[in-house]
Amino acid sequence: PQGKELTFMRKEILDFRFGCASASCGNRKLCGDYFECFRTDSKAYVIMSDGMGTGGRAAIDSAMTVEIFSRLIKAGIGLDTALGFTNIALAVKSEDESLSTLDVAEIDLFSGEVTLLKAGAAPSFYSCSGRVHTAEPPSTPLGIINDVGFNRCTVKLKGGDMLVMVSDGILGNGSIWLRDEIKAARNPDAREFSELLLETARRKCGKNYDDMTVVTLIMEER
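Caption draft 1: Inspection of the sheet that holds strand β7 (residues 131–135) at higher detail. Spatially, the five strands line up as an open sheet ordered β1-β10-β9-β6-β7, and their pairing is antiparallel. What marks the edges here is a single partner per strand, and that holds for β1 (14–23) and β7. For this sheet, the mean angle separating the axes of adjacent strands, direction not counted, is 15 degrees. Looking at chain direction, β1 and strand β10 (residues 212–221) are connected through 10 bridges and run antiparallel. Note that in β10 the partner of C20 across the bridge is V215. Where helix α3 (residues 176–184) meets the sheet, it contacts β6 (124–128), β7 and β9 (162–166), and its direction lies at approximately 140 degrees from that of β7.

Caption draft 2: Molecular detail of helix α4 (residues 190–205). The terminal C-alpha atoms of α4, which comprises 16 residues, lie 23 Å apart, in line with the 22 Å expected from a rise of 1.5 Å per residue. The complete set of buried residues in α4 reads A190, F193, S194, L197, L198, T200 and A201. Projected down its long axis, α4 carries its buried residues within an arc of 165 degrees, all on one side. Contact partners of the buried residues in α4: β1, β9, α3 and β10. For α4, the capping residue at the N-terminal end is D189, with a side-chain oxygen 3.1 Å from the backbone nitrogen of R191. Taken from the residues just after α4, G206 is the one with a positive phi, measuring 75 degrees.

Caption draft 3: Spatial organisation of unusual backbone geometry. In the Ramachandran plot, S129 falls in the positive-phi region, its phi being about 55 degrees despite a non-glycine side chain. Considering the arrangement of structural elements, one finds S129 in the loop between β6 and β7. The phi angle at N187 is positive, at roughly 50 degrees, despite the residue not being glycine.

Caption draft 4: Main features of the environment of R152. Tracing the chain through its elements places R152 in strand β8 (residues 151–156). A sequence separation of 47 residues divides R152 from A105, and the C-alpha atoms of the two residues are 9.7 Å apart. Not counting residues up to four positions away in its chain, the partners in contact with R152 are D80, T115, L116, L117 and P137. Of the polar contacts made by the side chain of R152, one reaches the side chain of D80; its length is 2.6 Å.

Caption draft 5: Structural detail: the environment of L163. Among the secondary structure elements, L163 is positioned in strand β9. Overall, the relative accessible area of 1% leaves L163 in the buried class. Contacts of L163, omitting those with residues within four sequence positions, involve A105, V114, L116, S124, F125, Y126, L157, V215, T216 and L217.

Caption draft 6: Quick peek at the packing of aromatic side chains. In total, this model carries three aromatic pairs according to the counting rule given. Where F18 meets F35, the ring centres are 6.3 Å apart and the plane angle is 45 degrees; that geometry is what we call tilted. Of this pair, F18 sits in strand β1 while F35 sits in strand β2 (residues 33–39), placing them 17 residues apart in sequence. Look at F35 and you get partly exposed, because its relative accessible area is 24%. Both rings, one in F38 and one in Y45, keep their centres 5.4 Å apart while their planes meet at 25 degrees; by these two values the pair is stacked.

Reading the values: the criteria
Residues numbered from 1 in each chain as written. Predicted model: local features only at pLDDT ≥ 70, side-chain atom pairs only at ≥ 80, totals over all residues. Heavy atoms only, no water. Pairing = 2+ DSSP bridges. Helix = DSSP H or I, 4+ residues; strand = E, 2+ residues; numbered from the N terminus. Axes fitted to C-alpha atoms, helices over the stretch in contact; angles between N-to-C directions. Contact = heavy atoms within 4.5 Å. Expected span 1.5 Å × (residues − 1). Buried < 20%, exposed > 50% of the residue type's maximum accessible area, 1.4 Å probe, protein only. Arc of directions from axis to C-beta. Polar contact = N/O pair within 3.5 Å; in protein donor to acceptor, adjacent residues only side chain to side chain. Phe/Tyr/Trp six-rings, centres within 6.5 Å; stacked < 30°, edge-to-face > 60°.

Put into structure tokens, the structure is as follows:
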């Protein structure tokens, strides 16, 4: 008898809207923060880095950190191994000390699980069922010690929930106001919301603000 072939495929239950906004310290040409967002076959990633200091050197360190780490992940290298290679590359880049943070969100669009991984990075904020939570596991930046590691936490998000990742310049005047803005948001445009948070942070910090970056992800059910 003629047989039948069945093919079972997983279906993504989530998608997200992505928005970002950045400003350099003193309106310089180069910002010391750098980020990238991309997808693999099974997951989506947002990767952000804040280079030590400001200006060109910080920009080089943060861009190098994100680019190396991203290429390794795209090549199928595990997160912790990719972190180790990136740390080594940053440490041997020059005789001068080079430090940068690494902030990663790994998003499983099939399950809604989001793993937040930090190496010296600023806290992230996420809304879940109308409540705002902070993810701020203590961690060490890259370029300081040989045996660097991620601190991580995993959360489960659904349609309508929001994830906000920031560099530490955004939090120069604390984070209470940012939590309030996230709580008050009602399905905003991701880019416009990122710009709102950036401008609010600049206003609160005054003229002496640091490099600032905001990345907003708003989850949507498929």
